[in-house]
Amino acid sequence: MVYYTELGFYNTKVMFKHAYQKGFAVPAYNFNNMEQLQAILTACVLTQSPVILQVSKGARQYANQTLLRYLAKGAVEFAKELAAKNGLSEIPIALHLDHGDSFELAKDCIENGFSSVMIDGSHLPYEENVAITKKVVEFAHQYDVTVEGELGVLAGVEEHVVSDKTIYTDPDQAVDFVEKTGVDSLAIAIGTSHGAYKFKVKPGEEIPPLRLDILEKVKEKLPGFPIVLHGASSVPQEYVEMINKYGGKLESPAGVREDQIIAAAKSAVCKVNVDTDSRLAMTAAIRKVFWEKPEEFDPRKYLGPAREEMIKLYSYKNEKVLLSAGKAPDIIKELKGLQ
Ligand code: G3H
Ligand code: 13P
Ligand code: ZN
């Protein structure tokens, strides 16, 4: 057993308390490789934002779980060094399993240094979702690992779920779910979905808003309880244009409106998941190098610009959308006081 504190991570409890009280959301950024990890930490240290490093089942298979754990441990040290070099505060970092689909996977992550896990039973019949979530919570809480559950189904393709229809979260059922399972946070369905094609809009048409009314009902019924928003990429059109200009082919992708994410972050949403936007930034920058310098074959010459583009993206999100910039010092002070 490798306990997450040995690696320098924190669970999400104190981060979410601050996020709820101060009206911001903690960024949860997915990573699969070193450049993404470097970009996430550089942006979060320099903007002084707390961060949740998010690993999907697919990422764990892609990067190898042992290597990933050491990469994440290295990331904590890297972040400390970068903060010290710039005369800045340390930032709180959580290592989180994204869309865990079994008790065994969640248990394995908990035993390998994760400070937070998601068990996603949203596709299961309600009572089965309750049962598997409760089982993970009971195990995780023995180690002070925080657990995220999900209720409602996001349209689109989730790692293990394909659905063409959003099933919005029922606020009354959310209350029952939280009471029965003991989860620490809950992902809800209010109109977001995974990937780059979240909405079908014709040119010139406005992207529809989220069902923030459902979020407000959940907040009313579960005051103080942290809510999570998946599928929250905004699919910046500048990256779509860049990708298509330099030989890519993305046909009318559309993401969540930023004003909607800002409103959610100011309300009960304490964690916002972003993966697609980082993929777009990385792809756009790499395509540009390949297009403009076809003679280039040193990976550092295209992964370096990709990393720079991701740093810009994450910094912008922290500062302008999630409003998490500058929130790290107070959180770390409280966490160190508890140690
Ligand atoms: O929720 C999905 C995340 O974007 C992770 O994607 O399963 O392809 O790693 P992935
Ligand atoms: P996006 O596809 O909108 O980036 O969502 C990522 C996500 O929810 C990861 O769990
Ligand atoms: Zn997700």
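For the structure itself, look to the data block above.
Calculation rules
Residues numbered from 1 in each chain as written. Chains lettered and ligands numbered in written order. Predicted model: local features only at pLDDT ≥ 70, side-chain atom pairs only at ≥ 80, totals over all residues. Heavy atoms only, no water. Near = heavy atom within 4 Å. Polar contact = N/O pair within 3.5 Å; in protein donor to acceptor, adjacent residues only side chain to side chain. Areas by Shrake-Rupley, 256 points an atom, 1.4 Å probe, with all protein chains shown as cover. Nonpolar A, V, L, I, M, F, W, Y, C, P; charged D, E, K, R; others polar. 1 Å grid on protein atoms, 1.4 Å probe; cavity = no way out; pocket = protein on both sides within 12 Å on 5 of 7 lines; lining within 4 Å. Points joined across faces, edges and corners; volume = space filled by probe spheres on them. Helix = DSSP H or I, 4+ residues; strand = E, 2+ residues; numbered from the N terminus. Axes fitted to C-alpha atoms, helices over the stretch in contact; angles between N-to-C directions. Left-handed = near helix turned anticlockwise from the far one by under 90°. Contact = heavy atoms within 4.5 Å. Salt bridge = Lys/Arg side-chain N within 4 Å of Asp/Glu carboxyl O. Buried < 20%, exposed > 50% of the residue type's maximum accessible area, 1.4 Å probe, protein only. Pairing = 2+ DSSP bridges.

J.: Tell me about the site of ligand 1, and please be specific about residues and values.
T.: Taken together, eight residues sit near ligand 1, with Ser56, His99, His194, Asp275 and Arg279 positioned nearest. One nitrogen or oxygen atom from the side chain of Ser56 is found 2.6 Å from an oxygen atom belonging to ligand 1. The side chain of His194 places a nitrogen or oxygen atom 3.2 Å from an oxygen atom of ligand 1. Within the complex, 77% of the 310 Å² of free accessible area of ligand 1 lies under protein. The class makeup of the residues in the shell around ligand 1 is no nonpolar, four polar and four charged.

J.: So what's going on with empty space enclosed by the protein? Residues and values would help.
T.: Within the structure shown, the criterion is met by two cavities of 30 Å³ or more. The space that makes up the largest cavity amounts to roughly 60 Å³. Together, Val55, Arg60, Gln65, Leu68, Arg69, Ala72, Leu95, Asn112 and Phe114 line the largest cavity. Its residues assigned to classes, the lining of the largest cavity shows five nonpolar, two polar and two charged. By volume, the second largest cavity amounts to about 40 Å³. Lining the second largest cavity are Thr12, Phe16, Ile52, His96, Ser116, Thr146, Val147, Glu148, Ser185 and Lys271. Among the elements that line the lining of the second largest cavity, the one with the most residues is strand S5 (residues 146–151), at three residues. For the lining of the second largest cavity, a count of residues per class yields three nonpolar, five polar and two charged.

J.: Please provide a residue-by-residue account of the packing of helix H3 (residues 34–46) against helix H5 (residues 65–85), values included.
T.: Running from amino to carboxyl end, H3 crosses H5 at an angle of 35°, the nearest separation of the two axes being 10 Å. Judged by the twist between their axes, the crossing of H3 over H5 is right-handed. Where H3 abuts H5, its residues Met34, Leu37, Gln38, Leu41, Thr42 and Val45 lie against Leu71, Ala72, Ala75, Phe78, Ala79, Leu82 and Ala83.

J.: So what about the site of ligand 2? Which residues, and what values?
T.: Around ligand 2, the structure places 15 residues, and the nearest of them are Asp98, Lys198, Ser233, Asp275 and Thr276. Ser233 is positioned with one of its side-chain polar atoms (N or O) 2.6 Å from an oxygen atom of ligand 2. One of the backbone nitrogen or oxygen atoms of Asp275 is found 2.7 Å away from an oxygen atom of ligand 2. Bound to the protein, ligand 2 loses 96% of the 310 Å² it would expose on its own. Within the residue set of the shell around ligand 2, elements represented by two or more residues are strand S3 (93–100) and strand S10 (269–274). Classifying every residue of the shell around ligand 2 by side-chain character gives two nonpolar, 10 polar and three charged.

J.: Outline the pattern of salt bridges, supporting the account with residue identities and numerical values.
T.: Taken as a whole, this structure holds 22 salt bridges when the rule is applied. Between Lys271 and Glu148 there is a salt bridge, with its nearest N and O atoms 2.7 Å apart. With Lys271 in strand S10 and Glu148 in strand S5, this residue pair connects regions lying 123 residues apart in the sequence. Of the residues examined, Lys271 reaches a relative accessible area of 1% and is grouped as buried. Glu148 sits in the buried class, given a relative accessible area of 1%. One network of salt bridges, in which partners are shared, links Lys22, Asp330 and Lys333.

J.: Talk me through the sheet that holds S5; I want residue IDs and the actual numbers.
T.: One closed barrel holds the eight strands; their spatial order is S1-S2-S3-S4-S5-S8-S9-S10, and the pairing between them is parallel. Here the average twist between neighbouring strands, direction ignored, is 25°. Summarising the sheet, strand S9 (residues 227–229) and S10 pair through three bridges and their orientation is parallel. Across the sheet, residue Ile227 finds its bridge partner in S10, namely Val269.

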